[in-house]
Amino acid sequence: GIGKCVAMDLARRNARTILACRSRARGQAAVEEIRAATGNPAVVLRLLDTSSLASVRAFASAVLREERRLDVLVNNAGVTGLPFTITSEGLEKTFTTNYLGPFLLTNLLLG
């Protein structure tokens, strides 16, 4: 999808590229594909589920702790057509995944 294409382009430009994915298996497959296509070993996987604000907070905390700098953030997570579901945090899942999670992530990483 669009996120993988953006990550591929950033990796081609020799950027350290963090793929933030819900699925470890699919994310790792994307990391390996991007590394092979670009020759850039600095493509890494971090787990993130934007439907969970706890996951967003943990991801942002790890990035701020582990990375020297962050130059570009591409918020690309999104879902559509899900049945109405309330998350464990009491929020509607589609709205949280598409809006609240990315908004919180961006604000936590601004500091």
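Residues numbered from 1 in each chain as written. Predicted model: local features only at pLDDT ≥ 70, side-chain atom pairs only at ≥ 80, totals over all residues. Heavy atoms only, no water.

By the naming in an unreviewed UniProt entry, the protein goes by RDH12 dehydrogenase and is assigned to Campylorhamphus procurvoides. Under the UniProt heading Sequence similarities (unreviewed entry), the entry covering the protein gives this text: "Belongs to the short-chain dehydrogenases/reductases (SDR) family." (UniProt positions renumbered as here; feature names shortened; annotations may be inferred.)

Visitor: Whenever I open this one, the layout of surface pockets confuses me. Can you help?
Guide: Rolled over the atoms, a probe sized like a water molecule indicates the empty space that remains. If you add up the space inside the largest pocket, you get close to 1400 Å³. Lining the largest pocket are 40 residues, with Gly3, Ile18, Leu19, Ala20 and Val74 sitting closest to its centre. Contributions of two or more residues to the lining of the largest pocket are made by α1 (2-12), β1 (17-21), α2 (24-38), α3 (53-66) and α4 (93-110). (1 Å grid on protein atoms, 1.4 Å probe; cavity = no way out; pocket = protein on both sides within 12 Å on 5 of 7 lines; lining within 4 Å. Points joined across faces, edges and corners; volume = space filled by probe spheres on them. Helix = DSSP H or I, 4+ residues; strand = E, 2+ residues; numbered from the N terminus.)

Visitor: Explain the packing of aromatic side chains to me, please; I cannot follow it from the model alone.
Guide: The relation between two aromatic rings is expressed through the spacing of the ring centres and the mutual angle of the planes. Scanning all chains against the criterion turns up one aromatic pair. Arranged with centres 5.6 Å apart and planes meeting at 35°, the rings of Phe95 and Tyr99 form a pair that is tilted. One end of the pair is Phe95 and the other is Tyr99, both in helix α4 and four residues apart, which spans about a single turn. (Phe/Tyr/Trp six-rings, centres within 6.5 Å; stacked < 30°, edge-to-face > 60°.)

Visitor: What is the right way to read the pattern of salt bridges from this model?
Guide: Two side chains with opposite charge may pair up if their charged atoms get near one another. Applying the stated rule across the entire model yields six salt bridges. For Arg13, the salt bridge goes to Asp9, with nearest N and O atoms at 2.8 Å. The exposure class assigned to Arg13 is exposed, which follows from its relative accessible area of 63%. Each of Arg46, Arg65 and Glu66 takes part in salt bridges that share partners, so that together they form one network. (Salt bridge = Lys/Arg side-chain N within 4 Å of Asp/Glu carboxyl O. Buried < 20%, exposed > 50% of the residue type's maximum accessible area, 1.4 Å probe, protein only.)

Visitor: Sorry, what's going on with the nonpolar core here?
Guide: As a rule of thumb, nonpolar side chains are buried together in soluble globular proteins. In this structure, Ala7, Met8, Ala11, Leu19, Cys21, Ala30, Val31, Ile34, Val43 and Leu45 together form the largest nonpolar core, which totals ten residues. Those elements that provide at least two residues to this core are α1, β1, α2 and β2 (43-47). Beyond its immediate sequence surroundings of up to four residues, Val31 is in contact with Leu19, Val43, Val44 and Leu45. Leu48, Leu53, Phe59 and Ala60 belong to the second largest nonpolar core, which has nine residues in total. (Core = buried A, V, L, I, M, F, W, Y, C linked by side-chain atoms within 4.5 Å. Contact = heavy atoms within 4.5 Å.)

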